[in-house]
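Observations on chain architecture
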Amino acid sequence: MARNLSMKDAINEALDLEMRRDPTVIIMGEDIAGGAGAQGEEDAWGGVLGVTKGLIGKYGANRVMDTPLSESAYIGAAVGAAACGLRPVAELMFLDFMGVCFDQIFNQAAKFKYMFGGKAQTPVVIRGMVGGGFRAAAQHSQMLTPLFTHIPGLKVVCPSNAYDAKGLLIQSIRDNDPVIFCEHKNLYASMADVPAESYTIPFGEAAIPREGKHVTIVAYGLMVHRALEAAETLSKEKIDVEVVDLRTLSPIDLDTIIESVEKTGHLVAVDEANPRCSIAADVIASVTEHAFKALKSAPKAITAPHTPVPFTPVLEDLYIPSAERIADAVRKQLK
Amino acid sequence: MSNNPFPLPKEKLLEAYTKMKTIREFEERLHVEFAKGDIPGFVHLYAGEEASGTGIMMHLEDKDRIASTHRGHGHCIAKGVEVEGMMAEIYGKVTGSCRGKGGSMHIADLSKGMMGANGILGAGAPLICGAALASKFRGDGGVGITFFGDGASNQGTVLESMNLAAVWNLPVIFVVENNGYAESTSIDYAVAVDSYIDRAAGFGIPGVTVDGTDFFAVYEAAGEIIKRAREGGGPAFLECKMVRFFGHFEGDAQTYRAKGENEENRANKDCLKIFRSKVAGAGVISEAEMNKIDDEVLARIEASVQKAKKDPLPTAKDLLTDVYVSY
Ligand SMILES: Cc1ncc(C[n+]2csc(CCOP(=O)(O)OP(=O)(O)O)c2C)c(N)n1
Ligand SMILES: [Mg+2]
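Reference entry: report on the structure contained in this document. (Residues numbered from 1 in each chain as written. Chains lettered and ligands numbered in written order. Predicted model: local features only at pLDDT ≥ 70, side-chain atom pairs only at ≥ 80, totals over all residues. Heavy atoms only, no water.)

Next up on the list: the sheet that holds strand S1 (residues 65-67) of chain B. All names here are of chain B. The strand order across the open sheet built from five strands is S1-S2-S3-S7-S6, with neighbouring strands paired in parallel fashion. Of all the strands in the sheet, the pair left with one neighbour each is S1 and strand S6 (207-211). Neighbour to neighbour, the strand axes of the sheet diverge by 20 degrees on average, direction disregarded. Contacts from helix H5 (residues 124-138) reach S1, strand S2 (144-149) and strand S3 (172-178), with the element oriented near 170 degrees to S1. (Pairing = 2+ DSSP bridges. Helix = DSSP H or I, 4+ residues; strand = E, 2+ residues; numbered from the N terminus. Axes fitted to C-alpha atoms, helices over the stretch in contact; angles between N-to-C directions. Contact = heavy atoms within 4.5 Å.)

Structure (structure tokens):
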């Protein structure tokens, strides 16, 4: 039975279902329960925005572990435990904090399988918040997805809605490779119909939330919503836009993108990341390389500028790609 | 005028009180303004912790550097950063100390030796080792102070920096501002050693623990270790035990606290009340003199809020500037 659920609750439900199903799933992170060692309530926070609320009551402190503020140590411990048979889901509150613990992920987790000649597996999920719009400034707002997709051995997921978040997180937990699961903080409240039961969404399968004939917009995360908004505006101008939601960035579903571009002949790639070596740049390069003949116009990337994320709302609103910028790019392409 | 039993002359005591009161009123006002919805983003308030930053910073000059935390407003004010620029920054205005680009979590004023509030826990410790290295290199007698909370004291960067500072004999003071909580998590859960002095000893660094609600305790302990560091004696570790009056950030329901904890803190662990009763009790500063300072501070904060609200916002061209020194 499907209920209308927020993305935040869908993520909580995915963790709950997998912890119930598989006793080797443990979760850890800073204040993911909260109140540890204090005299007030247990589960005082349930994560900084309440995403993991209620889980310690169901699974206990052995499986829902609050951590000291030592990302290098506990993220590394999650990686090590994964290599030794557990399925840890470690929360890195804001994925911006990746800088503190990245070695354990990109030199360790990502490389075990290959370096050890195929003899290791590291089924760890690192999940945390990404993206702007919270006025959280330069160190709590970034879209660092290109850093992760650059690394062979990591899988990278970034859902755009509650339904996908649940299915992709369950898949991430069951997957035997390390997964970076990117949760856009400005989508936590977004609602969708979500079945109560368990389901998975396979990696490397993009979704097409809107079909169209004239232009392909490729996006992920929050940008899917901006792309849909732009498509709505453009439909009034008789421009029929197809929106491709990547859902997973590693692996990436090039087939669906290329099929769409072969139909429309025009490509706009939207990315909240900075432009250099972005997902948008990667999509455009791949399409140009593999489907050059299908293109009727130069592909266009709409991204954040090559700057850190500014604090002040007037500038942050300019930083994050808007529906208007996307619509303008489409109009220019069709001219 | 009775004898002054304190280690600072009266005008310095007045300066310290003004700083602490300015921090308090700055934070109390932000608490109110944030609730109105006028202030964007995350705001972490330093109210209750004023004696620590002020007691330490009374020993510092502009050439001395500090690295602050996410809870940085108090460190800024104690180090001499202008409240008007800070307030405008927190409101996201172009007149702010970082032209609206940084916000509460990234206020900095390098001209004052304030190397920035920081959104990354523990990030200041290596940076201040670098500041201290630069001072040592130049032989200018400058010291570096890095602040971190009880929670951030568990970051690898902090622990590595303690070793580095000891190995290189750097003029660094590691200050843990121990308010008992990291967000909602108690220090009893997250820090295994009973005493930070023991932890510091493990790195070959002398440590001292003080009551961080007592300005004079902080002032005296800090004075000794800062003097020692200036003279080439190397790093030291200072623990200030203190309380935070508000939630972790604005909007925190604080259900992790014991019942009555905040009221008890306000009643008995208020560093401003403690300071007042000491200096007034000794007859060095009168209540009336401090009340007058209170009025001046309140007026200054009020003016800074009014100005910040009226000040202009950055414009589109500001988005793309300041990424590099040269392009
Ligand atoms: C590297 C990193 N990890 C986690 C956080 C999120 N965070 C911000 S403040 C905080 C708690 C800090 O506690 P403490 O160091 O005791 O300082 P206090 O807030 O008590 O002043 C946490 C977990 C962060 N900003 N940076
Ligand atoms: Mg603390």
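Still to come is the rest of the account.
Residues and elements named next belong to chain A. Spatially, the seven strands line up as an open sheet ordered S3-S2-S4-S5-S7-S6-S12, and their pairing is mixed. The outermost strands of the open sheet, each flanked by one partner alone, are strand S3 (64-66) and strand S12 (248-250). Strand-to-strand twist of the sheet, defined as the mean angle between neighbouring strand axes without regard to direction, takes the value 20 degrees. Its contacts with the sheet put helix H3 (residues 71-83) on strand S2 (25-29), strand S4 (87-94) and strand S5 (125-130), and the angle it makes with S4 is roughly 155 degrees. Those strands touched by helix H4 (residues 98-109) are S4, S5 and strand S7 (179-184), and its axis lies near 155 degrees from that of S4.

Before going further, it helps to examine the site of ligand 1. Taken together, the neighbourhood of ligand 1 is formed by 22 residues, with Glu-71 of chain A together with His-70, Arg-71, Gly-119 and Asn-179 of chain B sitting nearest. Each of chains A and B places residues near ligand 1. Interatomic distance of 3.0 Å between a side-chain N/O atom of Asp-150 of chain B and an oxygen atom of ligand 1. Here ligand 1 loses 97% of its free accessible area of 580 Å² to cover by the protein chains. Spatially, ligand 1 is embedded in the largest cavity. Broken down by class, the residue content of the shell around ligand 1 amounts to nine nonpolar, eight polar and five charged. (Near = heavy atom within 4 Å. Polar contact = N/O pair within 3.5 Å; in protein donor to acceptor, adjacent residues only side chain to side chain. Areas by Shrake-Rupley, 256 points an atom, 1.4 Å probe, with all protein chains shown as cover. 1 Å grid on protein atoms, 1.4 Å probe; cavity = no way out; pocket = protein on both sides within 12 Å on 5 of 7 lines; lining within 4 Å. Sits in = over half its atoms within 2 Å of the grid points. Nonpolar A, V, L, I, M, F, W, Y, C, P; charged D, E, K, R; others polar.)

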